[in-house]
Amino acid sequence: MSTDIQPDPTVIGAVSTPPFAVVPDPSSLFPIRARRLRAYAAVSPMKPYLDFVAGIVDAQAETVALAPAPAPIPAEQVARATEFGMPPLDRSVLAADPAFSPTLDMLFDAMAKRPMPEPAAAALSRLRQADAGQRAEIAGNVLAHAIPMEALAEHAFLAAGLEVFATRLAATLDPKALRPVSETAVCPACGGPPVASLIVEWPNAHGNRFCACELCATLWNYVRIKCVSCGSTKGIGYQEVEGGPGTVKAETCDECRTYVKVLHQHKDPSMEAVADDIGSLPLDILMREGPYRRAAYNPFLIGY
């Protein structure tokens with residue numbers, strides 16, 4: 001592993017005014033994610049797992065295309081959330097939405113058509129037969145980032161359903177109405193943590209950083225060389241796998257002793273936050289040898 005403790009400055013020379021937030025397009029998000037996972041699978045010893053997750057993402061894309069759209073978040077709820085500095089999408093009530101269970105059923109049906117290891121297939125069967133209360137309990141564990149090791153598959157499948165539902169809800173929001181809800185990196189749409197951050201090269205955002213929400217896929221602008229976990233600007237460093245392309249780095253913080261990946265999408269436009277977080281698992285494995293703990297959350301990378 002190579003270590004770079006030099007600052008990672010914003011590109012100088014291009015003046016731009018980036019948007020604060022960008023809401024997802026679910027119809028394109030999941031196909032892009034699946035393609036990126038398969039690109040990693042083509043050159044990775046993790047190919048069986050990456051292909052398995054890509055199959056889950058294919059099922060998510062199918063569900064987005066066929067499932068009835070959830071009702072938009074009411075304007076008064078958005079206004080009230082903005083007034084009190086809260087995210088308008090309430091994660092705690094997702095599983096109680098009447099449209100959530102039918103979405104799960106459609107997603108699980110789509111997943112069942114795809115090849116998977118027998119233990120995963122058995123877990124999916126148990127989840128398809130679970131009642132609303134059992135599914136809500138699993139959803140609560142996923143949202144609380146408290147996934148039991150003995151039931152990883154059930155929770156990963158349910159997490160995929162939460163992603164579909166939350167992403168479709170976030171897509172109904174007006175990004176111009178979203179506001180920061182914390183001094184640290186917290187999703188302005190749903191209040192979740194980032195899975196990673198992206199350095200982008202957009203027409204109105206040259207070299208700016210956007211954090212990416214694992215749950216609802218909202219992107220939000222966050223200053224560079226600042227810890228997304230504690231907000232510190234001191235003791236920020238960057239580590240990467242030696243000999244790699246330099247597009248995925250672990251941003252480390254000496255104040256809270258954590259790291260979250262930074263993805264240099266401006267160097268590789270095909271990068272996608274969730275897929276590249278999974279595909280760059282070798283970096284997480286190397287980081288385990290050092291003093292920093294992983295702060296980002298990804299239900300498909302439990303244990304790292």
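These lines cover the structure that appears in this document, whether it is placed above or below. Keep in mind that this is a model prediction, so the values were computed, not measured.

## What to know about the environment of Lys234
Counting through the fold element by element, Lys234 comes out in the loop between β5 (219-221) and β6 (236-240). Using a relative accessible area of 58% as the deciding quantity, one classes Lys234 as exposed.

## Here's the deal with the pattern of salt bridges
Side-chain pairing between opposite charges can occur once the charged atoms of the two side chains come close. Throughout the structure, instances matching the rule amount to 17 salt bridges. When the shortest N-O distance is used, the salt bridge between Lys113 and Glu62 registers 2.9 Å. Remark: Glu62 occurs in helix α2 (residues 47-66) and Lys113 occurs in the loop between α4 (100-112) and α5 (118-129); sequence separation between them is 51 residues. A relative accessible area of 58% means that Lys113 is categorised as exposed. The network of salt bridges with common partners includes Lys261, Asp277, Asp284 and Arg294.

## Some points on the layout of surface pockets
Put simply, the largest pocket is a space of about 440 Å³. If you trace the largest pocket, you find 20 residues lining it, with Leu29, Ile32, Leu219, Gln265 and Glu272 closest to the centre. Every element with two or more residues in the lining of the largest pocket is listed here: α1 (26-41), β3 (194-202) and β4 (205-213). For the lining of the largest pocket, the leading source of residues is α1, giving four residues. Of the residues that constitute the lining of the largest pocket, the class distribution is 14 nonpolar, three polar and three charged. Here the second largest pocket defines a volume of roughly 340 Å³. Lining the second largest pocket are 19 residues; nearest its centre among them are Tyr49, Phe52, Leu152, Ala153 and Ala156. Elements supplying a minimum of two residues to the lining of the second largest pocket: α2, α5 and α7 (152-170). Sort the elements by how many residues they give to the lining of the second largest pocket and α7 lands first, with five residues. Partitioning the lining of the second largest pocket into residue classes produces 17 nonpolar, one polar and one charged.

Calculation criteria
- Residues numbered from 1 in each chain as written.
- Predicted model: local features only at pLDDT ≥ 70, side-chain atom pairs only at ≥ 80, totals over all residues.
- Heavy atoms only, no water.
- Helix = DSSP H or I, 4+ residues; strand = E, 2+ residues; numbered from the N terminus.
- Buried < 20%, exposed > 50% of the residue type's maximum accessible area, 1.4 Å probe, protein only.
- Salt bridge = Lys/Arg side-chain N within 4 Å of Asp/Glu carboxyl O.
- 1 Å grid on protein atoms, 1.4 Å probe; cavity = no way out; pocket = protein on both sides within 12 Å on 5 of 7 lines; lining within 4 Å.
- Points joined across faces, edges and corners; volume = space filled by probe spheres on them.
- Nonpolar A, V, L, I, M, F, W, Y, C, P; charged D, E, K, R; others polar.

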